[in-house]
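Coordinate analysis (summary)
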Amino acid sequence: MSAVIVRDLSKCFGAVTAVDRISFTVPNGATIGLLGGNGAGKTTTISMLLGILVPDQGSIEVLGHDMAHDRFAALARMNYSSPYVALPMRLTVAENLAVYGHLYNVPDLSTRISDLAHEFDLKSLLDRRAGALSAGQKTRVALAKALINRPDLLLLDEPTASLDPDTADYVRSRLEAYRAESGAAILLASHNMSEVERLCSRVLMMKHGKIVDRGTPDALIARYGRDDLEQVFVAIARAATSA
Ligand SMILES: Nc1ncnc2c1ncn2[C@@H]1O[C@H](COP(=O)(O)OP(=O)(O)OP(=O)(O)O)[C@@H](O)[C@H]1O
């Protein structure tokens, strides 16, 4: 069964077609990569999945719920992190996690916060204001917030942005472990191709709002005759420029 079913989805901003009739699924228990150059339409797609933007056309089904008519049932079972969406800056890290935990009605919230603080090495940051943290510290708090309700669908926009290589590696292993233990589906937008190769069973390649190719990382690498996904990405991006 699929956690996400997107059919013929479009979104325009004035004359700009940000997302252009895309269709895809995210199976339960899978991590799917959403790739594309700057302005390809990844964030717009994720925003529609979250119900933040209303599509001009098409349908989105999340965890069995039609987002046009029944989105609150789905929103309770999903979560997201994005470096482009700031957490309330005046609240401490602990207050932030508590607010989101209450919003999602998380049972035994203090234990959940303590577990996440341990998992993402946040214990020494719990009493610090979110606005006063470094970029990498904010990313770790955003990931803890994204997991607070043990979501069945996790939407991740650049989840390791600003993390040092050691912490990024640790976070990737935590995301893999969460998917394996929970059976959650993950949609991952990332510019880090080695991260995508490691985490994603399949990828969707976006260009100018369309999905121009899709498949497993290995299949795409073979189809384009390249050594890795980074080279495939560059080949598609350059083809786009000359198109
Ligand atoms: N609120 C908005 N108003 C007008 N145009 C927008 C708006 N949001 C996005 N766009 C445009 O829609 C297109 C897709 O943008 P989007 O942010 O979805 O791309 P992206 O793939 O996430 O890019 P990046 O990798 O740079 O984050 C771009 O041309 C962008 O300028």
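Residues numbered from 1 in each chain as written. Predicted model: local features only at pLDDT ≥ 70, side-chain atom pairs only at ≥ 80, totals over all residues. Heavy atoms only, no water.

Per an unreviewed UniProt entry, the protein carries the name ABC-2 type transport system ATP-binding protein and comes from Acidiphilium rubrum. Taken from UniProt, the Sequence similarities (unreviewed entry) comment for the protein reads in full: "Belongs to the ABC transporter superfamily." (UniProt positions renumbered as here; feature names shortened; annotations may be inferred.)

**Some points on the sheet that holds strand S8 (residues 185-189)**
Strands sit in the order S6-S7-S8-S3-S9-S10 across an open sheet of six strands; the sheet is mixed. For this open sheet the edge positions go to strand S6 (78-81) and strand S10 (210-215), each flanked by a neighbour on one side alone. Each adjacent strand pair in this sheet contributes to an overall mean axis angle of 15 degrees, direction not counted. Note that strand S7 (residues 153-157) and S8 share five bridges and pair parallel. If you follow Asp 157 over to S8, its bridge partner there is Ala 189. This element, helix H6 (residues 165-182), spans strand S3 (31-36), S7 and S8 of the sheet and lies at about 160 degrees to S7. (Pairing = 2+ DSSP bridges. Helix = DSSP H or I, 4+ residues; strand = E, 2+ residues; numbered from the N terminus. Axes fitted to C-alpha atoms, helices over the stretch in contact; angles between N-to-C directions. Contact = heavy atoms within 4.5 Å.)

**Looking at the packing of aromatic side chains**
Going through the model one piece at a time under the given rule, you end up with zero aromatic pairs. Across the ring face of Tyr 80, the terminal group of Lys 145 is positioned such that the distance to the ring centre comes to 3.8 Å. For Lys 145, the ring lying beneath its charged end belongs to Tyr 100, and the centroid distance is 5.2 Å. (Phe/Tyr/Trp six-rings, centres within 6.5 Å; stacked < 30°, edge-to-face > 60°. Lys NZ or Arg CZ within 6 Å of the ring centre and 35° of its normal.)

**Things to note about the sheet that holds strand S5 (residues 65-66)**
A sheet is described by the order of its strands in space; here four strands give the open sequence S2-S1-S4-S5, paired in antiparallel fashion. Each having just a single partner strand, strand S2 (16-27) and S5 make up the two edges of the open sheet. Here strand S1 (residues 2-13) runs beside S2; their pairing, made up of eight bridges, is antiparallel. Paired with Val 4 across the strands is Val 26, a residue of S2.

**Some details on the domain arrangement of the protein**
The assigned domain composition of the protein is domain 1 (2-77 + 152-242) and domain 2 (86-150). Inter-centroid distance (C-alpha atoms) of domain 1 to domain 2 is 24 Å. Contacts between domain 1 and domain 2 engage 17 residues on the former and twelve residues on the latter. Together domain 1 and domain 2 conceal approximately 1,100 Å² of surface at their shared face, both sides included; 66% is due to carbon and sulfur atoms. Our enumeration of links across domain 1 and domain 2 arrives at one salt bridge. Glu 119 is the salt-bridge partner of Arg 174, the closest N and O atoms lying 2.9 Å from each other. For the pair domain 1 and domain 2, the interface holds five residue pairs in polar contact (both at pLDDT 80 or more). Sort the elements by how many residues they give to the side of domain 1 that touches domain 2 and H6 lands first, with six residues. (Domains from an automatic or database assignment. Buried area = accessible area lost by both parts, 1.4 Å probe. Salt bridge = Lys/Arg side-chain N within 4 Å of Asp/Glu carboxyl O. Polar contact = N/O pair within 3.5 Å; in protein donor to acceptor, adjacent residues only side chain to side chain.)

**With respect to unusual backbone geometry**
With the exception of glycine, the majority of residues adopt a negative phi angle, and the majority of peptide bonds are in the trans configuration. Not every positive phi belongs to a glycine, and Arg 150 is a case in point at roughly 45 degrees. Turning to its location among the elements, Arg 150 is positioned in the loop between helix H5 (135-147) and S7. The phi dihedral of His 208 is positive, around 50 degrees, even though this residue is not glycine.

**Thoughts on the UniProt feature "domain: ABC transporter" (unreviewed entry) in the protein**
With numbering aligned to this structure, UniProt lists the feature "domain: ABC transporter" (unreviewed entry) at residues 4-233. When the span residues 4-233 is considered, its composition is 37% helix and 27% strand, and the gap between its end C-alpha atoms is 24 Å.

**Concerning the site of the ligand**
Taken together, Phe 13, Val 16, Ala 18, Gly 37, Asn 38, Gly 39, Ala 40, Gly 41, Lys 42, Thr 43, Thr 44 and His 191 form the complete shell of residues around the ligand. Note that an oxygen atom of the ligand is positioned 2.7 Å from one of the backbone N or O atoms of Gly 39. Here an oxygen atom of the ligand sits 2.7 Å away from a polar atom, N or O, in the side chain of Lys 42. With the chains in place, 59% of the 640 Å² that the ligand exposes on its own is no longer accessible. Elements with a contribution of two residues or more to the shell around the ligand: S2 and helix H1 (42-49). Looking at which element gives the most residues to the shell around the ligand, the answer is H1, with three residues. (Near = heavy atom within 4 Å. Areas by Shrake-Rupley, 256 points an atom, 1.4 Å probe, with all protein chains shown as cover.)

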